[in-house]
Amino acid sequence: MAFTRTGALEYLSRAYEHGRLAHAYLISGPPGSGKRGLATDLSNLVTRSAEADVFASAPPGVYLAEPESKSRRIVIAQVRALEHALQMRATGGVRKVAIVAEADRLQPQAANAFLKTLEEPPNDSLLLLLSSMPEVLPDTIISRCIAVPLATAEKADLSAEEAELVELLGTVVTPAGGGVQNAYGIAREFHRLLAQVRGRIQDENEAALKREEVRYKNTTDGAWLDEREDYFKALTESQYVRQRSRLVEILFRWWADVLRASTAVAARELPSASNQTNALAHKLSTPEILRRLRRLEEMRDHLGRNIQEALAIEVAFVSIFTF
């Protein structure tokens with residue numbers, strides 16, 4: 001469950017007050033979710049600093065690493081400097097704070113070096129990693145941090161694919177809906193939306209790579225451009241997984257509205273689909289709706305464990321949309 005920035009700060013402040021603050025946190029979330037603001041708030045809390053933006057002017061005891069090199073990556077020299085700063089004695093009995101902004105842009109050597117710091121953190125230190133794409137980080141780093149996922153302050157408008165999916169889900173309450181063939185049809189349309197998302201992301205990143213090739217081909221060596229190609233491939237996959245997760249979230253929101261209608265709760269996540277979710281709530285019992293939500297949970301878990309995507313979706317959809 002994602003936190004708001006305020007909710008996350010309350011949670012971390014309580015941990016700090018009770019002496020249970022961990023040594024490393026991975027603060028993740030989409031742009032606009034408040035990652036830097038939360039890092040500033042927490043840094044000011046543990047260093048007892050006046051309210052200030054640590055990214056604009058870091059107070060004593062707060063050390064920052066973010067992409068600065070020509071390649072917009074965090075290099076090993078920055079991590080070494082961070083390690084050296086953390087070894088210095090803290091003053092006034094406060095913690096030292098190291099913030100790695102855009103941690104998904106750590107170069108492999110820098111990530112390996114920072115892993116050692118996570119494994120053996122200096123005394124009285126707090127390590128904060130910020131990332132919009134935590135999936136890009138090595139599992140060895142993710143496993144050594146407490147995850148603090150943030151949500152956007154306000155729900156964004158649905159993307160074209162998300163809006164189309166909401167309309168597609170409405171077909172399950174038509175006279176032709178509810179059968180196995182219709183369930184397979186919804187699965188096929190879901191695959192089409194995923195392919196559409198992947199194609200758009202690939203086109204955008206291929207265009208970005210071409211711009212870099214034109215700009216830098218005469219000012220850098222081929223190895224750097226090869227590295228950028230690998231980076232954009234990884235970026236494409238990460239962005240695709242994130243957009244796929246958003247589409248899966250629409251499924252959860254839709255079925256959660258069905259459950260709310262079934263239990264006479266007025267609130268709706270997708271108010272534009274209220275007629276359809278209300279109609280389905282009258283066709284299914286609450287236990288049947290809960291079973292479908294659990295099946296969605298299983299599908300999301302399978303996708304997260306890289307089980308073959310098409311198979312995981314088709315098997316789940318037959319169970320979820322047949323009634």
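Going by the structure above, here's the rest.
Analysis parameters
Residues numbered from 1 in each chain as written. Predicted model: local features only at pLDDT ≥ 70, side-chain atom pairs only at ≥ 80, totals over all residues. Heavy atoms only, no water. Helix = DSSP H or I, 4+ residues; strand = E, 2+ residues; numbered from the N terminus. Buried < 20%, exposed > 50% of the residue type's maximum accessible area, 1.4 Å probe, protein only. Contact = heavy atoms within 4.5 Å. Areas by Shrake-Rupley, 256 points an atom, 1.4 Å probe, with all protein chains shown as cover. Lys, Arg positive; Asp, Glu negative; His and termini not counted. Charge placed at Lys NZ, Arg CZ, Asp CG, Glu CD. Axes fitted to C-alpha atoms, helices over the stretch in contact; angles between N-to-C directions. Parallel < 35°, antiparallel > 145°, perpendicular 65-115°, else oblique. Left-handed = near helix turned anticlockwise from the far one by under 90°. Nonpolar A, V, L, I, M, F, W, Y, C, P; charged D, E, K, R; others polar. Salt bridge = Lys/Arg side-chain N within 4 Å of Asp/Glu carboxyl O. Polar contact = N/O pair within 3.5 Å; in protein donor to acceptor, adjacent residues only side chain to side chain. Pairing = 2+ DSSP bridges. Right-handed = clockwise from strand over helix to strand, strands pointing away.

A. Structural context of the overall build of the protein. Within the protein one finds eleven helices and five strands. In terms of overall dimensions, the protein has C-alpha extents of about 70 × 55 × 30 Å along its principal axes. By residue count, 43% of the 323 residues in the protein fall in the buried class. Within the protein, counting contacts between residues at least 6 apart in sequence, those at least 24 apart form 75% of the total. For the protein, the exposed area adds up to about 16,600 Å²; of that, 52% sits on carbon and sulfur atoms. Separation between the mean location of the 40 positive side-chain charges and that of the 42 negative ones in the protein comes to 2 Å.

B. Quick look at the environment of N44. Tracing the chain through its elements places N44 in helix α2 (residues 35–47). Given the relative accessible area of 4%, N44 is considered buried. Measuring from C-alpha to C-alpha, the distance between N44 and L303 comes to 39 Å, with 259 residues separating the pair along the chain. Those residues in contact with N44 that sit more than four places away from it in its chain are S49, A50, E51, A52 and V54.

C. Expanded view of the packing of helix α3 (residues 76–87) against helix α4 (residues 108–119). Where α3 meets α4, the closest approach of the two axes is 8 Å, and the angle between their N-to-C directions is 15 degrees. Comparing their axes, α4 and α3 come out roughly parallel. Both α3 and α4 take part in a crossing whose hand is left-handed. Residue-level contacts link I76, V79, R80, L82, E83 and L86 of α3 to Q109, A110, A113, F114 and T117 of α4. Classifying every residue of the contact of α3 with α4 gives seven nonpolar, two polar and two charged.

D. Quick peek at the side chain of D104. Summarising the element assignment, D104 is placed in the loop between β3 (96–100) and α4. No salt bridge is formed by the buried D104, whose closest oppositely charged neighbour, R105, lies at an N-O distance of 4.3 Å. Looking at D104, its side chain comes within polar contact range of the side chain of S131, at 2.6 Å.

E. Region of interest: the sheet that holds strand β5 (residues 146–149). Read from one edge of the open sheet, five strands run β2-β3-β4-β1-β5, paired in parallel fashion. A strand with exactly one partner marks an edge of an open sheet, and here the two such strands are β2 (62–65) and β5. Strand-to-strand twist of the sheet, defined as the mean angle between neighbouring strand axes without regard to direction, takes the value 20 degrees. By the bridge criterion, four bridges tie strand β1 (residues 24–28) to β5 in an arrangement that is parallel. Its bridge partner being in β5, Y25 is matched across the sheet by I146. Along the sheet, α2 makes contact with β1, β2, β3, β4 (125–131) and β5, crossing β4 at roughly 175 degrees. Sitting on the sheet, α4 is in contact with β1, β3 and β4, with an inclination near 140 degrees to β4.

F. Layout of the pairing of β4. Most of β4 sits out of view: seven of its seven residues are buried. By the alternation rule, side chains of β4 split into S125, L127, L129 and S131 and L126, L128 and L130, which are all buried. By the bridge criterion, five bridges tie β1 to β4 in an arrangement that is parallel. Among the inter-strand pairings, S28 is bridged to a residue of β4, identified as S131. Viewed along the sheet, the connection from β3 through α4 into β4 turns out right-handed.

G. Inspection of the pairing of β1 at higher detail. For β1, the tally of buried residues reaches five of five residues, placing the bulk of the element in the interior. With burial as the criterion, each face of β1 is covered, one bearing A24, L26 and S28 and the other bearing Y25 and I27.

H. Just the pattern of salt bridges, in detail. Per the counting criterion, the structure on display carries 17 salt bridges. One salt bridge in this structure joins R200 and E161, with 2.6 Å as the shortest N-O distance. Taken together, the positions of R200 in helix α7 (residues 180–216) and E161 in helix α6 (residues 160–169) put the pair 39 residues apart, joining distant regions of the chain. For R200, a relative accessible area of 32% puts it in the partly exposed group. Note on E161: relative accessible area 4%, which makes it buried. Each of R36, E66, E102 and R105 takes part in one network of salt bridges that share partners.

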